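# Structural characterization, general
Take a look at the letters that make up each chain.
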Amino acid sequence: MKRVQEILFRNIWFLLPLFLLTACGDVHRSSSGASQVGSFRPNYARNFRVESFDGYKVVEMVNPWDTARLLHRYVLVDRDAELPDGLPEGELLRVPLQRVAVYSSVHCGMLEELDRADCIAGVCEPEYIALDFVQDGLKKGTIVNLGIAVSPDLERVVAAAPEAILVSPFENAGYGRIEKMGIPIVECADYMESTPLGRAEWIRLMGLFFGAENRADSLFGHTVAVYDSLRNLAVKAPIKPTVITERKYGAAWYVPGGNSYIGVLLRDAGADYLWHDDTQTGSVPLSFETVFERGQAADFWLFKYNAPNEMTYETLQSEYEPYRRFAAFEKRNIFVCNTGTVPYYEEMPLHPDRILRDLIRIFHPELLPEGKLRYYQKLKDE
C-alpha cells in the first residue's frame, strides 16, 4: 500500500481566461466517494493534471516516458484542516509545505520566484547552484549541504528535517536508501516538457504545493505574454540564419532534437536550426563528422559550458582542433554561455522569454537594438 503524504491547496487559480486551467463543469464522485468539484488541465504542460474534491486535491504526474501510465499521485490537504475520511491512494501532503530538501537548482530558483526561498532546508550539489541566497544560506547554516543527488548524506537529510524532497526523476531510476526514510518524494518532471511554455507552467503546480497559487499564476501569465510578444517580433525577420548548438562531449556531439525545448526556442527566435526536421524531443548523439557535414557552413554556433575562466577561440581550438574548420569559427560568430557565472539553468525553466530575447538579439539584432545579452556573449579571441 502506497505511503500517504500531506500537501495543501488553498485557492483555485484566479487568472485571466487565457491563463486559467480549463475547468470541467460535471460533478462526480471519486473512488473514495468524495464529490469532485473540478478538473483542471494546464494550457501548455503535458505531464501533470489536478482534480479538486471536497476537502482535498489530487495531483497526478504523468510518466513522461510512458504517457499511458502515472509517475506519481499526490493527495493535497490543507495542513490546518482535519484529514477527510476515505482519501484515495497516493502520497498525502499537508500544504503549504514549509520545509523541503531540493535536489535541483531549477526548483530552488522556482521557490525564490514564489517568495518561498525560506522553505529550503537543504540542497544537493550546491557547487552547481548559481543562486546567492542558497550560497548565503549554506554559509550561515540555514541551508544544509546534502551531498550528491544520486546518493545524499542521510545524516544530513535527517538534520535538515524536510517535510518533502523535491527531485527531478529519471526513467526507471530509484532513490536508494532515501526512499526508506518515509519522507515524501515529489517527482518534478518539468524538464521533460518539450516546449518552453509547457515547462514554465510547472510554476503553477509548485504554487499549489507552497500556497502561492496567485503569485504563480501572475508570474506565468507575464511569461506567456512576453514570450508571445517576442515570438511575434521574430516572425518579422526577413532572413533566418542557420545555427548549430553545443559541442563534442567525449565521442559524441549531442544536438537538441528538432522538437526539443531548445529546438523550439531556436525556431521561435527566427533561426533555421539545422536539425529542425528531426522529430525527437531530447538530445541526439551524433559523430563529429555528421555534425560537421551538415553544420560546417552554419551562420552561428551557440553552446554552453561551465568553467571558472572564460573560454576563448584559442582554448576552444585547443580542446579539439577541427573546430576551427566551422564557418562560424572562422567568421567569429560563436556565442557562449558560461553557466558557472550566470543563472542560465536556474532562470530558464520559468523565464524562457529571457532566453528567447537573447537569441533574437544574436540572430536579429536589428529587431532589439537596445539592451544587452543576459546569458550569452560573443566568444573572445583572447
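Conventions and cut-offs
- Residues numbered from 1 in each chain as written.
- Predicted model: local features only at pLDDT ≥ 70, side-chain atom pairs only at ≥ 80, totals over all residues.
- Heavy atoms only, no water.
- Helix = DSSP H or I, 4+ residues; strand = E, 2+ residues; numbered from the N terminus.
- Buried < 20%, exposed > 50% of the residue type's maximum accessible area, 1.4 Å probe, protein only.
- Contact = heavy atoms within 4.5 Å.
- Polar contact = N/O pair within 3.5 Å; in protein donor to acceptor, adjacent residues only side chain to side chain.
- Pairing = 2+ DSSP bridges.
- Phe/Tyr/Trp six-rings, centres within 6.5 Å; stacked < 30°, edge-to-face > 60°.
- Lys NZ or Arg CZ within 6 Å of the ring centre and 35° of its normal.
- Axes fitted to C-alpha atoms, helices over the stretch in contact; angles between N-to-C directions.
- Parallel < 35°, antiparallel > 145°, perpendicular 65-115°, else oblique.
- Nonpolar A, V, L, I, M, F, W, Y, C, P; charged D, E, K, R; others polar.
- pLDDT = per-residue confidence, 0-100.
- Salt bridge = Lys/Arg side-chain N within 4 Å of Asp/Glu carboxyl O.
- Core = buried A, V, L, I, M, F, W, Y, C linked by side-chain atoms within 4.5 Å.
- Left-handed = near helix turned anticlockwise from the far one by under 90°.

Right, let's get into the environment of arginine 156. Among the structural elements, arginine 156 can be located in helix H3 (residues 154–160). Taking the relative accessible area as the measure of exposure, arginine 156 reaches 37% and is therefore partly exposed. Along the sequence, arginine 156 and asparagine 145 sit eleven residues apart, while their C-alpha atoms lie 7.4 Å from each other. Ignoring anything within four residues of it in the chain, the contact list for arginine 156 reads Val144, Asn145, Leu146 and Gly147. Polar side-chain contacts of arginine 156 include one of 3.0 Å to the backbone oxygen of asparagine 145.

Judged by pairing direction, the sheet is mixed, and its five strands sit side by side in the order E16-E13-E18-E19-E20 without closing on themselves. Sheet topology places strand E16 (272–273) and strand E20 (377–378) at the edges, where each strand pairs with a single neighbour. Pairing of strand E18 (residues 300–305) with strand E19 (residues 334–338) involves five bridges; the strand directions are parallel. Across the sheet, the residue bridging to tyrosine 305 is asparagine 338, located in E19.

Right, let's get into the packing of aromatic side chains. Evaluation of the coordinates by the stated rule reveals 26 aromatic pairs. Taking 5.3 Å as the distance between ring centres and 65° as the angle between the ring planes, the aromatic pair formed by tryptophan 301 and tyrosine 323 counts as edge-to-face. In this pair, tryptophan 301 sits in strand E18 while tyrosine 323 sits in the loop between helix H9 (313–319) and helix H10 (327–330), placing the two residues 22 residues apart along the sequence. Its relative accessible area of 0% is what places tyrosine 323 among the buried residues. Through successive ring pairs, a cluster of aromatic residues spans Trp253, Phe288, Phe292, Trp301, Phe303, Tyr305, Tyr320, Tyr323 and Phe326. Looking at arginine 332, its charged tip hangs above the ring of tyrosine 313, at a distance of 4.1 Å from the centre.

Here we come to the pairing of E18. Most of E18 is tucked away: six of the six residues are buried. Neither face of E18 is exposed, since Phe300, Leu302 and Lys304 on one face and Trp301, Phe303 and Tyr305 on the opposite face are all buried. With three bridges joining them, strand E13 (residues 242–245) and E18 adopt parallel strand pairing. Bridge assignment links threonine 245 to a residue of E18, and that residue is leucine 302.

Where strand E4 (residues 48–53) meets strand E5 (residues 56–62), six bridges bridge the pair, whose relative direction is antiparallel. Its bridge partner being in E5, phenylalanine 53 is matched across the sheet by tyrosine 56. Taking the residues that link successive antiparallel strands as the turn, the E4-E5 hairpin has two residues, and the phi of glycine 55 there is positive, at about 90°.

Take glutamate 89: it is sitting in the loop between strand E6 (70–78) and strand E7 (91–95). Measuring from C-alpha to C-alpha, the distance between glutamate 89 and valine 58 comes to 9.7 Å, with 31 residues separating the pair along the chain.

On to the packing of helix H6 (residues 213–234) against helix H7 (residues 261–268). Between H6 and H7, the shortest axis-to-axis distance is 9 Å and the interhelical angle comes to 55°. As judged from the angle between their axes, H6 and H7 are oblique. Here Tyr227, Arg231 and Ala234 of H6 come into contact with H7, specifically with Val264, Leu265 and Asp268. Class assignment of the residues belonging to the contact of H6 with H7 gives a composition of four nonpolar, no polar and two charged.

To continue, consider the confidence of the model for the protein chain. Parts of the prediction with low pLDDT should not have their coordinates interpreted in detail. Summarising the model, the protein chain shows a mean pLDDT of 89, and 90% of its residues fall at 70 or more. Confidence over residues 1–32 falls short of pLDDT 50; this stretch has 110 contacts with residues more than four positions distant or in other chains.

A full pass over the atoms with the stated rule returns 19 salt bridges. Linking glutamate 347 and arginine 374 is a salt bridge whose minimum nitrogen-to-oxygen distance equals 2.9 Å. Here glutamate 347 is found in helix H11 (residues 344–347), whereas its partner arginine 374 is found in the loop between helix H12 (352–363) and E20, with 27 residues between them in sequence. Through salt bridges that share partners, Asp228, Arg231, Arg267 and Asp268 make up one connected network.

Attention now moves to the side chain of aspartate 268. Along the chain, aspartate 268 falls in helix H7. A polar side-chain atom of aspartate 268 sits 2.6 Å from a polar atom in the side chain of tyrosine 227. Of note is the side chain of aspartate 268, whose polar atom sits 3.4 Å from the side chain of arginine 267.

The nonpolar side chains of a soluble globular protein tend to be buried with one another. Grouped together as the largest cluster of nonpolar side chains are 98 residues, with contacts concentrated most on Trp301, Phe326, Ile334 and Phe363. With nine residues, the single largest contributor to this core is H6. With sequence-adjacent residues up to four places away left out, phenylalanine 363 is seen in contact with Pro241, Val243, Leu266, Ala269, Ala271, Phe300 and Leu302.

Let us now look at the packing of H6 against H12. Where H6 contacts H12, the axes come no closer than 9 Å and their chain directions differ by 20°. Our classification of the angle between H6 and H12 gives roughly parallel. Judged by the twist between their axes, the crossing of H6 over H12 is left-handed. Here Thr223, Val226, Tyr227, Leu230, Arg231 and Ala234 of H6 come into contact with H12, specifically with Pro352, Asp353, Leu356, Arg357 and Ile360. Counted by class, the contact of H6 with H12 contains seven nonpolar, one polar and three charged residues.

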